[in-house]
Amino acid sequence: MTQPVALITGAARRIGATIARQLWQQGYRIIVHCHHSLDAANQLALELNELKPDSVRVLQADLNNSVEVSTLADQALCCWGQIDLLINNASSFYPTPLEQSTEQQWDDLVNSNLKAAYFLSAKLAASLRQQQGSIINLIDIHAQRAMPGYPIYSIAKAGLQMMTISLAKELAPEVRVNGVAPGPILWPEQDAAISPEEQRAIVDKTLLKRAGTPEDIAQAVVFLASQTFITGQIIAVDGGKSLYSH
Ligand SMILES: NC(=O)c1ccc[n+]([C@@H]2O[C@H](COP(=O)([O-])OP(=O)(O)OC[C@H]3O[C@@H](n4cnc5c(N)ncnc54)[C@H](OP(=O)(O)O)[C@@H]3O)[C@@H](O)[C@H]2O)c1
């Protein structure tokens, strides 16, 4: 049997890169999509290709640009002629207080978290069907309970949650579509960074009293990818944060 092929968006760094590594360890050929982090993506590919030649390719695209999204899908199909697994992981994330929010922020957050995931799924649907493949969307527990101060992000992730359920129906019976909803895993960087006090307050609201790791998320992704009878489901990997009530 040929090795399956996974396209992971936003996979140069952080959670996406850990998902890429774990799927690669499971025997997948990996397409690492990136936007700004081309050096990190190339470094990851170099490292893994040294261990297993031509097991990783890198594709660059701005998911804010619908032409580039379409080209990304075409180029991904050209890599090895098939896609078995699509991981919609890429995401932009920053606060958008309602009365200061802009259309540009709306487009950026909705495009990267939702619209690109939808059109990549649509463009890759034929190959995914042929391969009896699957889609896994990286959602957020805040798709269900809006994150105060982040309305556009919360709306985009809620859309991605519904997309998971909707495409599970649209693509059945050949393709399974599932989601992973992380809680606190890696703190946001740069403009979206939060203070140590805010970090502690978030961790205090988990039942397990700690942040998770990218490996926790990647293990859930590997589990869903390897299953054969789960579709339309979203697993919260959040240390119990979504159950916290006081
Ligand atoms: N980190 C957490 O604790 C946490 C919590 C809840 C949910 N999640 C979800 O889990 C997933 C991974 O989280 P993360 O924190 O590792 O993500 P991240 O670092 O915030 O973003 C992942 C990648 O998305 C890419 N991206 C953003 N906008 C893009 C655009 N317009 N075009 C192309 N790529 C774009 C970036 O690629 P480049 O660097 O190449 O530009 C970035 O490296 C995300 O979907 C996130 O919403 C994470």
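Inspection of the region around the ligand gives 25 residues, with Gly 10, Arg 14, Ile 15, His 35 and Ser 37 positioned closest. By residue number, the principal contributor to the shell around the ligand is helix α1 (residues 14-25), which donates three residues. Class assignment for the residues of the shell around the ligand results in eleven nonpolar, ten polar and four charged.

To characterise two packed helices, one gives the angle between the axes of the helices and the distance between these axes. Where α1 contacts helix α7 (residues 214-226), the axes come no closer than 9 Å and their chain directions differ by 50°. Taken together, the axes of α1 and α7 are oblique relative to one another. Where α1 crosses over α7, the two elements pack in a sense that is right-handed. Between α1 and α7, the residues in contact are Arg 14, Ile 15, Thr 18, Ile 19, Gln 22 and Leu 23 and Pro 214, Glu 215, Ile 217, Ala 218, Val 221, Val 222 and Ala 225, respectively. For the contact of α1 with α7, the per-class residue count stands at nine nonpolar, two polar and two charged.

By size, the foremost hydrophobic cluster in this structure holds 67 residues, and its most contacted members are Ala 6, Ile 19, Ala 20, Ile 30, Val 32 and Val 221. Setting aside residues up to four positions removed in sequence, Ala 6 forms contacts with Leu 23, Tyr 28, Ile 30, Ile 31, Asp 84, Leu 85 and Ile 87.

Of all five residues that make up strand β3 (residues 56-60), four are buried, and the element is covered over most of its length. For the handedness criterion, the β-α-β arrangement of strand β2 (residues 29-34), helix α2 (residues 38-51) and β3 is classed as right-handed.

Another aspect to go through is the sheet that holds strand β1 (residues 5-8). Whenever strands of a sheet pair, they do so through backbone hydrogen bonds, lying parallel or antiparallel. If you trace the seven strands from one edge of the open sheet to the other, you get β3-β2-β1-β4-β5-β6-β7, paired in parallel fashion. In this open sheet, the two edge strands, each paired with only one partner strand, are β3 and β7 (234-237). Strand-to-strand twist of the sheet, defined as the mean angle between neighbouring strand axes without regard to direction, takes the value 15°. Running at roughly 165° to strand β6 (residues 176-182), α7 makes contact with β4 (85-88), β5 (134-138), β6 and β7 of the sheet.

The next thing to look at is the environment of Thr 102. For Thr 102, the position within the fold is in the loop between β4 and α4 (103-130). Thr 102 sits in the exposed class, given 10 other C-beta atoms within 10 Å. Sequence separation between Thr 102 and Ile 152 is 50 residues, and the spatial gap between their C-alpha atoms is 9.9 Å.

Thresholds applied
- Residues numbered from 1 in each chain as written.
- Predicted model: local features only at pLDDT ≥ 70, side-chain atom pairs only at ≥ 80, totals over all residues.
- Near = placed C-beta within 6 Å.
- Helix = DSSP H or I, 4+ residues; strand = E, 2+ residues; numbered from the N terminus.
- Nonpolar A, V, L, I, M, F, W, Y, C, P; charged D, E, K, R; others polar.
- Axes fitted to C-alpha atoms, helices over the stretch in contact; angles between N-to-C directions.
- Parallel < 35°, antiparallel > 145°, perpendicular 65-115°, else oblique.
- Left-handed = near helix turned anticlockwise from the far one by under 90°.
- Contact = placed C-beta atoms within 7 Å.
- Core = buried A, V, L, I, M, F, W, Y, C linked by C-beta atoms within 7 Å.
- Buried ≥ 20, exposed ≤ 12 C-beta atoms within 10 Å, placed from the backbone.
- Right-handed = clockwise from strand over helix to strand, strands pointing away.
- Pairing = 2+ DSSP bridges.

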